[in-house]
Amino acid sequence: MEKRKRSDSATEDEASYLEAKGKYTALGVDTDHAISTLASIPLSIHCWQGDDVIGFDGADQLSGGIMATGSHPGRARNSAELRQDAGFAFSLIPGKKRFNLHAMYAETQGKKVDRDALEPSHFSGWIDWAKELKIGLDFNPTFFSHPLSESGFTLSHQDAEIRKFWVRHGLACRRIAQSFADELKDHVVNNLWIPDGYKDIPADRLGPRLRLQESLDEIYREALPNNRVVDAVESKLFGIGSESYVVGSHEFYMGYASKRNIGICLDMGHFHPTESVADKISSMLLFIPRLVIHFSRGVRWDSDHIILWNEDLQNVCKEVVRIKAGDRVFLALDYFDASINRIAAWVIGARSVQKALLYALLEPIEKIREREQAGDYFKRLALMEEAKTLPFTAVWDRYCAAQSVPPEQEWIESASTYESKVLEKRGR
Ligand code: RNT
Ligand code: ZN
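Residues numbered from 1 in each chain as written. Chains lettered and ligands numbered in written order. Predicted model: local features only at pLDDT ≥ 70, side-chain atom pairs only at ≥ 80, totals over all residues. Heavy atoms only, no water.

Enquirer: I'd like a rundown of the pattern of salt bridges, residues and numbers included.
Expert: Where charged atoms from two side chains of opposite charge come close, those side chains can pair. Taken as a whole and judged by the stated rule, the model has 27 salt bridges. As a salt-bridge pair, D57 and R115 come within 2.7 Å of each other at their nearest N and O atoms. Of the two residues, D57 is situated in the loop between strand 1 (42-46) and helix 3 (79-90) and R115 in the loop between strand 2 (96-100) and helix 4 (124-133); the sequence distance between them amounts to 58 residues. Residue R115 is classed as buried on the basis of its relative accessible area, which comes to 1%. Among the salt bridges present, the one from E372 reaches R380, with a minimum N-O distance of 2.7 Å. Exposure remark for E372: the relative accessible area of 38% places this residue in the partly exposed category. Assessed through its relative accessible area of 25%, R380 is described here as partly exposed. (Salt bridge = Lys/Arg side-chain N within 4 Å of Asp/Glu carboxyl O. Helix = DSSP H or I, 4+ residues; strand = E, 2+ residues; numbered from the N terminus. Buried < 20%, exposed > 50% of the residue type's maximum accessible area, 1.4 Å probe, protein only.)

Enquirer: Describe the site of ligand 1, naming the residues involved and giving the relevant values.
Expert: Neighbouring residues of ligand 1: W48, I66, H102, W193, E234, K236, D267, H270, H294, D334 and F336. One nitrogen or oxygen atom from the side chain of E234 is found 2.7 Å from an oxygen atom belonging to ligand 1. A distance of 2.8 Å separates an oxygen atom of ligand 1 from a polar side-chain atom of K236. Expressed as a share of its isolated accessible area of 310 Å², the protein-covered part of ligand 1 is 99%. Most atoms of ligand 1, that is more than half of them, are within 2 Å of grid points of the largest cavity. (Near = heavy atom within 4 Å. Polar contact = N/O pair within 3.5 Å; in protein donor to acceptor, adjacent residues only side chain to side chain. Areas by Shrake-Rupley, 256 points an atom, 1.4 Å probe, with all protein chains shown as cover. 1 Å grid on protein atoms, 1.4 Å probe; cavity = no way out; pocket = protein on both sides within 12 Å on 5 of 7 lines; lining within 4 Å. Sits in = over half its atoms within 2 Å of the grid points.)

Enquirer: Before we move on, can you summarise empty space enclosed by the protein with the specific residues and values?
Expert: By rolling a water-sized probe across the atoms, one finds the places where empty space is left. Under the definition given, this model contains two cavities of 30 Å³ or more. In this structure, the largest cavity spans a volume of roughly 170 Å³. Residue lining of the largest cavity: 17 residues in total, with I66, H102, W193, E234 and D334 positioned closest to the centre. Lining the second largest cavity, in full, are G64, W193, P195, K236, G239, S242 and V246. Its residues placed into classes, the lining of the second largest cavity shows three nonpolar, three polar and one charged. (Points joined across faces, edges and corners; volume = space filled by probe spheres on them. Nonpolar A, V, L, I, M, F, W, Y, C, P; charged D, E, K, R; others polar.)

Enquirer: Give me a nonpolar patch on the surface: which residues, what numbers.
Expert: Judged by side-chain polarity, M67, L237, F238, I240 and W301 come together as a nonpolar surface patch covering roughly 440 Å² of accessible area. Tracing the backbone through its elements, the reader meets F238 in the loop between strand 6 (229-234) and strand 7 (245-246). The exposure class assigned to F238 is partly exposed, which follows from its relative accessible area of 31%. (Patch = residues over 30% accessible without salt bridge, like charges linked within 9 Å, V, L, I, M, F, W, Y side chains within 5 Å.)

Enquirer: Before we move on, could you go through the packing of aromatic side chains and cite the residues and values that matter?
Expert: Applying the stated criterion to the full structure yields 21 aromatic pairs. A centroid spacing of 6.2 Å and a plane angle of 5° characterise the contact between F252 and Y256, whose relative ring orientation is stacked. Of the two residues, F252 and Y256 both sit in helix 7 (residues 250-260), four residues apart, roughly one turn of that helix. Considered together, F252 and Y256 belong to a single accessibility category, that of buried residues. Taken together, the ring pairs in this structure connect F90, F99, W126 and W129 into an aromatic cluster. Sitting above the plane of the W126 ring, R83 keeps its charged end 4.5 Å from the centroid. (Phe/Tyr/Trp six-rings, centres within 6.5 Å; stacked < 30°, edge-to-face > 60°. Lys NZ or Arg CZ within 6 Å of the ring centre and 35° of its normal.)

Enquirer: Tell me about the coordination of the zinc ion (ligand 2), residues and numbers included.
Expert: Every protein donor of the zinc ion (ligand 2) is listed here as E234 (OE), D267 (OD), H294 (ND1) and D334 (OD), and their distances to the metal cover 2.1 Å. Of note is the zinc ion (ligand 2), whose six donor atoms meet at the metal with angles of 70 to 166° in an arrangement that counts as octahedral. In primary sequence terms, the donor set of the zinc ion (ligand 2) follows E-x32-D-x26-H-x39-D. Here E234, found in strand 6, pairs with D267, found in strand 8 (residues 263-267); they are 33 residues apart in sequence, far enough to count as distant. (Donors = N, O, S within 2.8 Å, 3.2 Å for Na, K, Ca; no water. Tetrahedral: all angles 85-135°; square planar, octahedral: opposite > 155°, others 65-115°.)

Enquirer: Talk me through the packing of helix 3 against helix 10 (residues 342-361); I want residue IDs and the actual numbers.
Expert: Taken N-terminus to C-terminus, the directions of helix 3 and helix 10 make an angle of 40°; their axes are 9 Å apart at the nearest point. Taken together, the axis directions place helix 3 and helix 10 in an arrangement best described as oblique. Both helix 3 and helix 10 take part in a crossing whose hand is right-handed. Of the residues in helix 10, those in contact with L82, D85, A86, F88 and A89 of helix 3 are I343, W346 and V347. (Axes fitted to C-alpha atoms, helices over the stretch in contact; angles between N-to-C directions. Parallel < 35°, antiparallel > 145°, perpendicular 65-115°, else oblique. Left-handed = near helix turned anticlockwise from the far one by under 90°. Contact = heavy atoms within 4.5 Å.)

Below, the structure written as structure tokens:
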């Protein structure tokens, strides 16, 4: 009986897919090709959603002007739990996955190793795990949640000794990223974000920026043995406690990265609310060798709500797909929500990005462009609007089935079961 039901629904899915495929074909879009392209686009899943950005190096609170609010039970408290949770989340996320680590997730076997003394060996557990799962790793130096960042300044600190400590950390992290690249024979994004800034109006905006420039020069002076490490720097508009001035602003890094020929990370929550991150991509790729996108959703003061399949996300994914610069754009999640099931937070965000990418791959862009080139702007707008109601879900379901991940209702059930069987047993 059960079997018959399954095969009935498989036949129905096949029929819906074929019908959808016909409609897309009529507009010049190949759905099979969209599905196989999507399967090859890597998405870096951030480790820090699993433990509320706490890490394993002794901090019990997050600092640096970012906050994971909420007290839902089940936070991963150590690497075994974090790997278990991430592995489970992966089983519910279609597509090619990577895992994004921060320096504070080093495994030092109970030994106190300060951030400037971290070595590749402190990440061997992560490398083994990545090999086992056949996934890539990405990396981030951690310039927050540390006694030497509590003044609100790190690489731009007035005290040269404090700056030197953080420069050593930056250098250590590039070497660790290089070791991931060597071990996994893959590229590794090494993304640098610092919290430096002032709560209130500064008298000197230039000084900290000069110091940051100098510190970054020291970090990036050392050439790495091959080009597998993708160095990137991430700007921000403001943080909690740095509302009036952020040293590493967009303009600062735009200039710095183009001068140094390194990458920039565009975090979707780090701009004025009406600014379009999608519109920045084509301009920046003319001057910056590589871009990293942090998929995130700003809500009022918070830049890190779970990314959802909304128009902002769709527009960013459309640009990435339209420009066909896949080898120069690296996609990553960045948000943290401690108020709901953390596995579900990972899955909702990752599936939203996958949906937005598929939606972009299914856009009848050739036909829309033809109209643009002919100056038929009403037809361009009309087709864009018509494209919104094409039978997208049939193609999405087909993709999930091909990736052997459950469809919508089923993954929600699985996440609930994991919650009661594993997460609730951990306590708050
Ligand atoms: C902070 C930045 C940064 C962090 C992570 C944890 O505003 O977005 O990317 O979220 O490094
Ligand atoms: Zn970010």
